[in-house]
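Letter by letter, the chains look like this.
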Amino acid sequence: MGRMSRRAFALAALSTLATAPVAAPAGEPVGGPAVPAPGPVPGVRRGGTAGLRGVWVATVVNRDWPSRPGLSASAQRGELLAHLDRAVRDRLNTVVLQVRPTADALWPSPYEPWSEYLTGTQGRHPGWDPLGTAVAEAHARGLELHAWCNPYRIALHTDPGRLAASHPARAHPDWVVPYGGRLYYNPGLPEVRAFVQRAMLDAVARYPVDALHFDDYFYPYPVAGQTFDDDEAYDRHGGAFATRAAWRRDNIDRLVRETAAGIRRVRPGTRFGISPFGVWRNASTDARGSDTRAGVETYDDLYADTRKWVRDHWIDYIVPQLYWHIGHPTADYARLVAWWAGVARGTGTALYIGEALYRAGAAGEDPAWRDPAELSRHLALAARYPQVGGHVFFGARDLAEDRIGAMARVVADHYRQPATPPR
């Protein structure tokens, strides 16, 4: 698997995008609006003092931080502070730190073991409090710290014996579903939903985090030829629903609503945000969907009705992962920004755009990602929509490397002045 991340699963989904071109709006060429030539980016708004400017810091398999498991506490702390300092230098104002990557914790949780990505051994105390330090040091630098949790993922393997002896999945094997070479908690069990909420809300209760943040994993991304075995849970709890799909969506809806209520109860004023895969449904599936041809749709494949969460204002903000270039033939960044702006309009739910910094200059990417100005064009395009209140970049390692200067271009074109995060 190598140095994968949560995005690796999304990339697998992207590989299933159909090849049929998206029908172009009147007056535009097929495939979306033409990509401007390199040079000054049209529509750039220089300066500015408001808007969310974030970066994701992934800890799963040590993608961004720590650089490897088993570093000393002082080395881990030094690397973390370097990420915070780099965010300040690039005039960002928000760090989204993954603190619960695989049903474990980067703080002294009474519910789950210490993460193996700290020491190399799940359950081993790292000798310091990473989340507590991150919150204090981020705030000292004027940064917000959003605590990023994955609700249901347990392990990137299928052997419960490799989990810490104290792991709740070993105490409750009936909660666990193996699927696609990984272990997951079963979202269809009310006791699981209650437990994962307690585990995640513990971080909110202990620390003045500015937000609790979910990523794009609810029910897992589909794996060809495999079935997520929730038959028993469906037999016990799904009787009121016409289909299993409707029951699964209700399970995730309940998680979102109950988590939002729990945050308000535990620490009022803390925000709740979610960063889903960027396509809710294709218009060919649902007239309300986006003009895309995605092989994965969150509504149908992950059982996550992301559009409803925005329209009904169940969450404070949404960060759809729009990890395609402008003019992509089957998932055009420009069309998806317009679609999400329409969804968010008038809802009270803030819209920020998830940006694929990791693709800029990376081997094997579309030629558009070899242009250092591609990301800057994204921000210029999104600025046309008042609903777009900022951007979050994946990920921290790529922010540090900035292989072709794409982030430097964003900073020069759009972030010439610091900005306060919106509330």
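Our subject is the structure listed above.
Residue numbers restart at each chain and count upward from 1, following the sequence in its written direction. Residues qualify for local features only when their pLDDT is at least 70, as the model is predicted, and side-chain atom pairs are given and counted only at 80 or more; totals for whole chains, interfaces and linings, by contrast, use all residues. Side-chain calculation: all heavy atoms of the structure are included, whereas hydrogens and water are not.

Another point: the overall build of the protein. Helix and strand definitions here come from DSSP, where helices need a minimum of 4 consecutive H or I residues and strands a minimum of 2 consecutive E residues; each element is numbered from the N-terminal end. Looking only at helices and strands, one finds 14 helices and 11 strands in the protein. Note on exposure labels: buried denotes an accessible area under 20% of the residue type's maximum, exposed denotes more than 50%, and partly exposed covers the range between, all computed with a 1.4 Å probe on protein chains only. When burial is assessed residue by residue, the protein has 60% of its 423 residues classed as buried. Considering only contacts within the protein whose residues lie at least 6 apart along the sequence, 76% involve residues at least 24 apart. On the protein, roughly 15400 Å² of surface is accessible, and the fraction owed to carbon and sulfur atoms is 51%. What makes two residues a contact is simply this: any of their non-hydrogen atoms within 4.5 Å. Per-residue and other accessible areas follow the Shrake-Rupley method at a 1.4 Å probe size, with only the shown protein chains counted as cover for residues.

In this description, a line fitted to the C-alpha atoms serves as the axis of each element, helices being fitted only across the stretch in contact, and the angle between N-to-C directions of two axes falls anywhere from 0 to 180 degrees. Packing of helix 11 (residues 333-344) against helix 12 (residues 374-382) brings their axes to within 10 Å, and their N-to-C directions diverge by 35°. Crossing angle aside, the handedness with which helix 11 passes helix 12 is right-handed. From helix 11, Tyr333, Ala334 and Val337 reach across to helix 12, where they touch His378, Leu381 and Ala382. Residue composition of the contact of helix 11 with helix 12, by class: five nonpolar, one polar and no charged. Crossing chirality is assigned from the near helix's rotation relative to the far helix, an anticlockwise turn below a right angle marking it left-handed and a clockwise turn marking it right-handed. Any residue outside Ala, Val, Leu, Ile, Met, Phe, Trp, Tyr, Cys, Pro, Asp, Glu, Lys and Arg is labelled polar, Gly included; the first ten of those are nonpolar and the last four are charged.

This part covers the sheet that holds strand 6 (residues 182-185). By this definition, two strands are paired if DSSP reports at least two bridges between them. Spatially, the three strands line up as an open sheet ordered 4-6-5, and their pairing is antiparallel. In this open sheet, the two edge strands, each paired with only one partner strand, are strand 4 (153-155) and strand 5 (176-179). Here the strands of the sheet are splayed against their neighbours by 35° on average, with no regard to which way each runs. Alignment of strand 5 against strand 6, held across four bridges, turns out to be antiparallel. Across the sheet, the residue bridging to Val176 is Tyr185, located in strand 6.

A few words on the sheet that holds strand 3 (residues 144-149). Pairing is parallel around the closed barrel formed by eight strands, whose spatial order is 1-2-3-7-8-9-10-11. The sheet contact formed by strand 3 and strand 7 (residues 211-214) spans four bridges and is parallel. Within strand 7, the position partnered with Cys149 by the bridge is Phe214. Strands in contact with helix 11 are strand 9 (317-318), strand 10 (350-355) and strand 11 (388-394); relative to strand 10, the strand with the most contacts, it is inclined by about 160°.

Quick look at the packing of helix 12 against helix 14 (residues 406-414) now. At a closest axis distance of 7 Å, the pairing of helix 12 and helix 14 adopts a crossing angle of 35°. With respect to the hand of their crossing, helix 12 and helix 14 are arranged in right-handed fashion. Contacts from Leu375, Ser376, Leu379 and Ala380 in helix 12 reach Ala406, Arg409, Val410, Asp413 and His414 in helix 14. When its residues are assigned to classes, the contact of helix 12 with helix 14 shows five nonpolar, two polar and two charged.

What follows concerns the packing of aromatic side chains. Stacked, tilted and edge-to-face pairs are distinguished by plane angle, under 30 degrees for stacked and over 60 for edge-to-face with tilted covering the rest, among Phe, Tyr and Trp rings (Trp via its six-membered ring) whose centres lie within 6.5 Å. Inspection of the entire model under this criterion finds 23 aromatic pairs. Relative to Phe195, the ring of Tyr111 has its centre 6.4 Å away and its plane inclined at 80°; by these criteria the two rings are edge-to-face. Here Tyr111 is found in the loop between strand 2 (94-100) and helix 3 (116-119), whereas its partner Phe195 is found in helix 6 (residues 190-206), with 84 residues between them in sequence. Taking the relative accessible area as the measure of exposure, Tyr111 reaches 31% and is therefore partly exposed.

Looking now at helix 11. To estimate the expected span of a helix, subtract one from its residue number and multiply by 1.5 Å. Across its 12 residues, helix 11 extends 16 Å between first and last C-alpha, which sits within 8% of the 16 Å expected from 1.5 Å per residue. Within helix 11, 10 of the 12 residues are buried, which leaves it mostly tucked inside the rest of the structure. All of the buried residues along helix 11 are Tyr333, Ala334, Arg335, Leu336, Val337, Trp339, Trp340, Ala341, Val343 and Ala344. Of the surrounding secondary structure, the elements contacted by the buried residues of helix 11 are helix 10 (306-311), strand 9, strand 10, helix 12 and strand 11. Pairing of N or O atoms within 3.5 Å defines a polar contact, subject to two protein rules: one partner must be a possible hydrogen donor and the other a possible acceptor, and residues neighboring in sequence count only if both atoms are side-chain atoms. With a side-chain oxygen positioned 3.0 Å from the backbone nitrogen of Ala334, the residue opening helix 11 is Asp332. Just past helix 11, the residue Gly346 takes up positive phi, approximately 75°.

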